[in-house]
Amino acid sequence: MRIENSFIPVSGVGEKTERQLWANGATDWDCFDPSLVGPTTAEKIESFIDTARDHLAAENPTFFDQTFPSSERWRLYENFRDDACFFDIETTGLDEHRDVVTTVSFHQAGETTTLVRDDDLTADRIQAMVDDASLLVSFNGIRFDQPFLETSFSVDVEVPHLDLMYPCKSVGLDGGLKQVERDIGIERDRPDISGRDAVRLWREHESGVDGALDTLISYNREDAVNLKTLADEVTTTLHEQVFEQARQQSVE
């Protein structure tokens, strides 16, 4: 699914109308025929396509983040995946006003960077990593990771944020990240480590336990790297799902 397949950002075009357009051959902007809808809707669609083409050519994901329904934000992924940044944080607890961030891992363009508290985990480094991305990708990051970073480091996150927890739920993948990984067949080097262990490992590191920080970093990096596999999997599933629904709608 690419942005160019989408008509749903247009006012008055819902899922049913979009699927009817696909079923009638208008599977992307180039194939749109104004006769497939009423004149008012056709004018709105053509106006949207003209504007959207300019923003797509300018590689401006923010426009699409603001115009697509939040439940359809996953459609941005295919267009902006090359510069997407998959990220995950580890903390000493769940309260961003009381607890602290211990490590943050960013995975982008095949490279993974992990920033560590009391070393290179700074507001400037986080801001630079965020600003370099076209799209942030996380799991439960809109409710947890992003607010934690914003509160702890006063970073300004303006990049569109795809939280995979929601598209996962829409295709029946429930539970936390580790459960979802198991459900789609992602294997971990250390499947026995959990979020609670991450807190323990940081405390052990502070106490001078050898190897604790290395294990924590490895765990955090794996979280970020696995998000790419998960994003690829769930967006492909959603693409197949929505076009199958369109096919069934055309039969009916």
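Model, not experiment: these values are computed from the prediction.

Concerning the overall build of the protein
Reasoning step 1: Scanning the protein for helices and strands turns up ten helices and five strands.
Reasoning step 2: Taken along the three principal axes of its C-alpha coordinates, the protein extends 70 × 35 × 30 Å.
Reasoning step 3: Counting the 252 residues in the protein, one finds 46% classified as buried.
Reasoning step 4: Expressed as a percentage of contacts within the protein between residues at least 6 apart in sequence, the contacts between residues at least 24 apart total 63%.
Reasoning step 5: By element, 43% of the accessible surface of the protein is carried by carbon and sulfur atoms, the whole surface being about 12400 Å².

Focus on the sheet that holds strand E4 (residues 135-138)
Reasoning step 1: Pairing within the open sheet is mixed, and its five strands lie in the order E3-E2-E1-E4-E5. The open sheet has two free edges, formed respectively by strand E3 (111-116) and strand E5 (161-163), since each of these has just one partner strand. The average undirected angle you get between the axes of adjacent strands in this sheet is 25 degrees.
Reasoning step 2: Sheet topology note: the strand E2 (residues 101-108)/E3 ladder contains six bridges and is antiparallel. Residue pairing across strands places Val 104 opposite Leu 115, the latter belonging to E3.

Considerations on helix H9 (residues 195-206)
Reasoning step 1: With twelve residues, H9 extends 17 Å between its outermost C-alpha atoms, agreeing within 8% with the 16 Å of an ideal straight helix rising 1.5 Å per residue.
Reasoning step 2: Every buried residue of H9 is listed here: Asp 197, Ala 198, Leu 201 and Trp 202. Down the axis of H9, the buried side of the element spans an arc of 140 degrees, and every buried residue falls inside it.
Reasoning step 3: After H9 finishes, the residue Gly 208 shows a positive phi value of roughly 90 degrees.

Thoughts on the pattern of salt bridges
Reasoning step 1: For the coordinates displayed, the defined rule picks out 17 salt bridges.
Reasoning step 2: Note that Arg 2 is salt-bridged to Glu 4, the shortest N-O span being 3.4 Å.
Reasoning step 3: Overall, Glu 4 belongs to the partly exposed group, its relative accessible area being 22%.

As for the pairing of strand E1 (residues 84-91)
Reasoning step 1: Burial analysis of E1 places eight of its eight residues in the buried class, which makes it a mostly covered element.
Reasoning step 2: The alternating pattern of E1 places Ala 84, Phe 86, Asp 88 and Glu 90 on one face and Cys 85, Phe 87, Ile 89 and Thr 91 on the opposite face, and all of these are buried.
Reasoning step 3: Here E1 pairs with E4 via three bridges, running parallel. Looking at E4, one finds that Cys 85 is bridged to Leu 136.

Focus: the UniProt feature "domain: YprB ribonuclease H-like" (unreviewed entry) in the protein
Reasoning step 1: The UniProt record annotates "domain: YprB ribonuclease H-like" (unreviewed entry) at residues 85-234.
Reasoning step 2: Taken end to end, residues 85-234 has its terminal C-alpha atoms 16 Å apart, with 47% of it in helix and 19% in strand.

Quick word on the packing of aromatic side chains
Here the distance between the centres and the angle between the planes together describe a pair of aromatic rings.
Reasoning step 1: Under the definition given, this model contains seven aromatic pairs.
Reasoning step 2: Taking 6.3 Å as the distance between ring centres and 70 degrees as the angle between the ring planes, the aromatic pair formed by Tyr 77 and Phe 86 counts as edge-to-face. Across the pair, Phe 86 and Tyr 77 agree in class, each one buried.
Reasoning step 3: Centre to centre, the rings of Phe 87 and Phe 106 are 6.3 Å apart; their planes meet at 20 degrees, and the pair counts as stacked. Remark: Phe 106 occurs in strand E2 and Phe 87 occurs in strand E1; sequence separation between them is 19 residues. Accessibility classification places Phe 87 together with Phe 106 in one group, the buried group.
Reasoning step 4: Through pairs of rings, three or more aromatic residues link up here, namely Phe 63, Phe 64 and Phe 68.

Comments concerning the layout of surface pockets
Reasoning step 1: Estimated volume of the largest pocket: approximately 520 Å³.
Reasoning step 2: Lining the largest pocket are 19 residues; nearest its centre among them are Glu 90, Phe 144, Lys 178, Gly 195 and Tyr 219.
Reasoning step 3: Elements with a minimum of two residues in the lining of the largest pocket: E1, helix H6 (141-153), helix H8 (177-184), H9 and helix H10 (212-251).
Reasoning step 4: Tallying contributions element by element places E1 first for the lining of the largest pocket, with four residues.
Reasoning step 5: When its residues are assigned to classes, the lining of the largest pocket shows eight nonpolar, five polar and six charged.
Reasoning step 6: In this structure, the second largest pocket encloses a volume near 310 Å³.
Reasoning step 7: Along its surface, the second largest pocket is lined by 22 residues, and Ser 70, Ser 71, Glu 72, Trp 74 and Ser 170 are the ones closest to its centre.
Reasoning step 8: Going through the elements one at a time, helix H1 (15-23), E5, helix H7 (165-170) and H10 are the ones with two or more residues in the lining of the second largest pocket.
Reasoning step 9: Of the residues assigned to the lining of the second largest pocket, the class counts are nine nonpolar, six polar and seven charged.

Rules and cut-offs
Residues numbered from 1 in each chain as written. Predicted model: local features only at pLDDT ≥ 70, side-chain atom pairs only at ≥ 80, totals over all residues. Heavy atoms only, no water. Helix = DSSP H or I, 4+ residues; strand = E, 2+ residues; numbered from the N terminus. Buried < 20%, exposed > 50% of the residue type's maximum accessible area, 1.4 Å probe, protein only. Contact = heavy atoms within 4.5 Å. Areas by Shrake-Rupley, 256 points an atom, 1.4 Å probe, with all protein chains shown as cover. Pairing = 2+ DSSP bridges. Axes fitted to C-alpha atoms, helices over the stretch in contact; angles between N-to-C directions. Expected span 1.5 Å × (residues − 1). Arc of directions from axis to C-beta. Salt bridge = Lys/Arg side-chain N within 4 Å of Asp/Glu carboxyl O. UniProt positions renumbered as here; feature names shortened; annotations may be inferred. Phe/Tyr/Trp six-rings, centres within 6.5 Å; stacked < 30°, edge-to-face > 60°. 1 Å grid on protein atoms, 1.4 Å probe; cavity = no way out; pocket = protein on both sides within 12 Å on 5 of 7 lines; lining within 4 Å. Points joined across faces, edges and corners; volume = space filled by probe spheres on them. Nonpolar A, V, L, I, M, F, W, Y, C, P; charged D, E, K, R; others polar.

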